[in-house]
Amino acid sequence: MDIVILTIGTIMVIVGLRIFLTRSRALKLPYVCCLNFCMAALIVLYIKSPMGALTAVVYFISSTISSNAIAHTIGEMKKIEKTMK
Amino acid sequence: MDVLPLISILSCILGGIGVILHTDYINKIIMFAFLEAGLIGLITSFYYLDVSIISSILEPIGTVILLLGALKYAHLKRTKKKYSSEVPILAR
Amino acid sequence: MNTMNLVVLTTYIGYFLLIIGVIGAIFGPMTNDPLKRLLNIEVPSMGVALIFLAYNETLALMTYIAVNSVLMLVFVRAIIKNEELEA
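Residues numbered from 1 in each chain as written. Chains lettered and ligands numbered in written order. Predicted model: local features only at pLDDT ≥ 70, side-chain atom pairs only at ≥ 80, totals over all residues. Heavy atoms only, no water.

Asks: Can you help me understand the layout of surface pockets in this one?
Replies: Quantified by volume, the largest pocket comes out at close to 240 Å³. Forming the boundary of the largest pocket are 12 residues, of which Glu81 of chain A together with Tyr25, Ala74, Lys77 and Arg78 of chain B lie nearest the centre. Taken together, the elements giving at least two residues each to the lining of the largest pocket come down to helix 3 (50-83) of chain A together with helix 2 (25-45) and helix 3 (49-86) of chain B. (1 Å grid on protein atoms, 1.4 Å probe; cavity = no way out; pocket = protein on both sides within 12 Å on 5 of 7 lines; lining within 4 Å. Points joined across faces, edges and corners; volume = space filled by probe spheres on them. Helix = DSSP H or I, 4+ residues; strand = E, 2+ residues; numbered from the N terminus.)

In structure tokens:
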């Protein structure tokens, strides 16, 4: 078992527990982003084939789009709560 | 067992419990993204790479639909409550 | 042997997500709000996808994930229309 895979796995377990336990919702978002990057790295280290690299590229792009959409919506929701009050 | 299936299973369990237990929209959607990450990792560890590519393309579409729906729903609920409290009788 | 263990574990995780999701969608916290109930319903959907994965139904899994995205659009649209039309 490689030392790189073990390091990324340890980081991912810690980040997953931090996502589940943190109260604030603006602090949850960087952890989700970090978890997506770790998952892309584990996919490209697990599949030893060029198709694995393609899968990791597609997963990386789509998860970044999803995280940016969630971040934009947090700002919009805060704006709605401020103007309607 | 390797590291990728183990961490995907842990992510699936934590995401499934977290979607049920949180009560805010944004927290629920963040936990849903976490659950989807576990699902895609588990599909990849079975070496079904085409299904994994299709699933990871369709995942942000569902997240964006849910986010737009939650935003419009919160806006609608807030405006409707204010309107009905100001004009109680002529609202129909 | 190793792959067999992974398949059995995937089946158990799928059944666990199915049972937890169904109980949470019925008795969960603050399910008077229809959008929160819809977000709870996504959990047993992912459980069904994992059971499809454990029984090697690749085409069914791909079709189910694609249809689930469209179904989410229809349900969100229906919830917003219902909230608009209600007095």
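Asks: Any chance you could explain the interface of chain A and chain B here in plain terms?
Replies: One widely used convention gives an interface's size as the accessible area the parts lose upon coming together. Taken together, the contact between chain A and chain B spans 38 residues of the former and 41 residues of the latter. Regarding the contact of chain A and chain B, the summed buried area is about 3,700 Å², with carbon and sulfur atoms giving 81% of it. The largest share of the area that chain A buries against chain B comes from Phe20, Tyr46 and Met84 of chain A, three residues that together contribute 19% of it. Our count for the chain A to chain B interface comes out at zero salt bridges. For the interface between chain A and chain B, the tally reads two residue pairs in polar contact (both at pLDDT 80 or more). (Contact = heavy atoms within 4.5 Å. Buried area = accessible area lost by both parts, 1.4 Å probe. Salt bridge = Lys/Arg side-chain N within 4 Å of Asp/Glu carboxyl O. Polar contact = N/O pair within 3.5 Å; in protein donor to acceptor, adjacent residues only side chain to side chain.)

Asks: How should I be thinking about empty space enclosed by the protein in this particular structure?
Replies: Any empty space left between the atoms is revealed when a probe the size of a water molecule rolls over them. Applying the stated criterion across every chain yields a total of three cavities of 30 Å³ or more. In this model, the largest cavity occupies a volume close to 140 Å³. Lining the largest cavity are 16 residues, and of these Glu36 and Leu58 of chain B together with Met46, Ile65 and Asn68 of chain C sit closest to its centre. Going through the elements one at a time, helix 2 and helix 3 of chain B together with helix 2 (34-54) and helix 3 (58-85) of chain C are the ones with two or more residues in the lining of the largest cavity. A per-class count over the lining of the largest cavity returns eight nonpolar, six polar and two charged. Computed from the structure, the second largest cavity encloses a volume of approximately 50 Å³. Lining the second largest cavity we find Val32, Asn36, Tyr59, Ser63, Ser66 and Ser67 of chain A together with Ala33, Ala37 and Glu59 of chain B. Listing elements by their share of the lining of the second largest cavity, those giving two or more residues are helix 2 (25-46) and helix 3 of chain A together with helix 2 of chain B. Per element, the largest residue contribution to the lining of the second largest cavity is four residues, and it comes from helix 3 of chain A. For the lining of the second largest cavity, the class distribution of residues is four nonpolar, four polar and one charged. (Nonpolar A, V, L, I, M, F, W, Y, C, P; charged D, E, K, R; others polar.)

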